[in-house]
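Residue strings, one per chain:
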Amino acid sequence: MTVLALFFAVLGAASNAVGTAFQRKAASTVAEGGGLRLLRALVRRPAWSLGIAGVIGAAVFQALALVNGPMALVQPVFILELPFALLVAAPLMHRRLSPEAWRAVAAAVAGLALLLASAAPHGTRQQAAMERWIPVLALTLGAMAAAVALARSSGSPLLRAAALGSAAAIGNALTAALMKSSTGRLADDGLPAFLTAWQTYGFALTGVAALLLLENALQAGPLTASQPALTIGDATVSLLLGVVLFEEEIRSGWWLLPEALGVLLILWGVLRLTRVVPHLSDVVR
């Protein structure tokens, strides 16, 4: 089951990267305009349709991964979306990745492999009691609201981007937790249980909120602030939610040393990518 979860998680990251790259390719062919005018222009472009298919596929693969394995394993794998997006977008945008970018990609992938191999997430439940959900919802939604308030009150683009990126990361992790619970009901009890579960509507709302927060983070300040906060924050909060809600376990003790090294490699790789790849913000939007 763990291997299956990892397989679907990698497919989800790749599918979302393809979707993002093709949507950006389609948007780059529209000269100007926004809102409904932009949407009408995009729906006539095959690249945009491929992009939407990629996003839908990513959601399906993520749900399958969460049904088959722990959140603490599945969500960190989505770190691969950034290097996947670069690999797909570079030829689409007629660009080439530099040797520095390839080294950054290799560092991020190696760091993720080291982190997951060291932590070895295992043991999971599909459902959590409301006694667990209530404090989790209060803390995560409160943290998102506090991050947004901090961003609104700050005049620093760096701090605003980091705060909104952190809020988006928490939203992504909460969305994954709600999705895991709702798809678990679908697998165990069928479609009626899925459609009547509050978690189903919860992950739809938090998913939209996280997407809006991400867009605002990208507009608020430099990508060197928002992307690391989003990448590391999503993985960290997802790991904590997996432990608290679904009783997942990771290795501790001396294993914390290689786990920390893996996190540092991921962070270095992401930071380097935001610096050495031109117009990276166009790729990850």
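Above: the structure in question.
(A) The nonpolar core, seen in detail. With 57 residues, the main nonpolar core has Trp133, Leu241 and Leu245 as its most contacted residues. Here this core gets 12 residues from one element, more than from any other, and that element is helix α8 (residues 157-189).

(B) Examining the environment of Ala146 more closely. Mapping Ala146 onto the fold places it in helix α7 (residues 130-153). Given a relative accessible area of 47%, Ala146 falls into the partly exposed group. Once the C-alpha coordinates of Ala146 and Ala167 are considered, the two residues, 21 residues apart in sequence, prove to be 8.5 Å apart.

(C) Geometry of unusual backbone geometry. With a phi close to 45°, Ala120 is a non-glycine residue in the positive phi region. As for its position among the elements, Ala120 is in the loop between α6 (99-119) and α7.

(D) Focus on the packing of α6 against helix α12 (residues 256-276). Relative orientation of the contacting elements α6 and α12 amounts to 155°, with a least axis distance of 7 Å. As summarised for this structure, α6 and α12 are arranged roughly antiparallel, according to the angle between their axes. Helix-helix and strand crossings are classified by hand; for α6 and α12 the assignment is left-handed. For the contact of α6 with α12, the class distribution of residues is 17 nonpolar, four polar and four charged.

The rules behind these values
Residues numbered from 1 in each chain as written. Predicted model: local features only at pLDDT ≥ 70, side-chain atom pairs only at ≥ 80, totals over all residues. Heavy atoms only, no water. Core = buried A, V, L, I, M, F, W, Y, C linked by side-chain atoms within 4.5 Å. Buried < 20%, exposed > 50% of the residue type's maximum accessible area, 1.4 Å probe, protein only. Helix = DSSP H or I, 4+ residues; strand = E, 2+ residues; numbered from the N terminus. Axes fitted to C-alpha atoms, helices over the stretch in contact; angles between N-to-C directions. Parallel < 35°, antiparallel > 145°, perpendicular 65-115°, else oblique. Left-handed = near helix turned anticlockwise from the far one by under 90°. Nonpolar A, V, L, I, M, F, W, Y, C, P; charged D, E, K, R; others polar.

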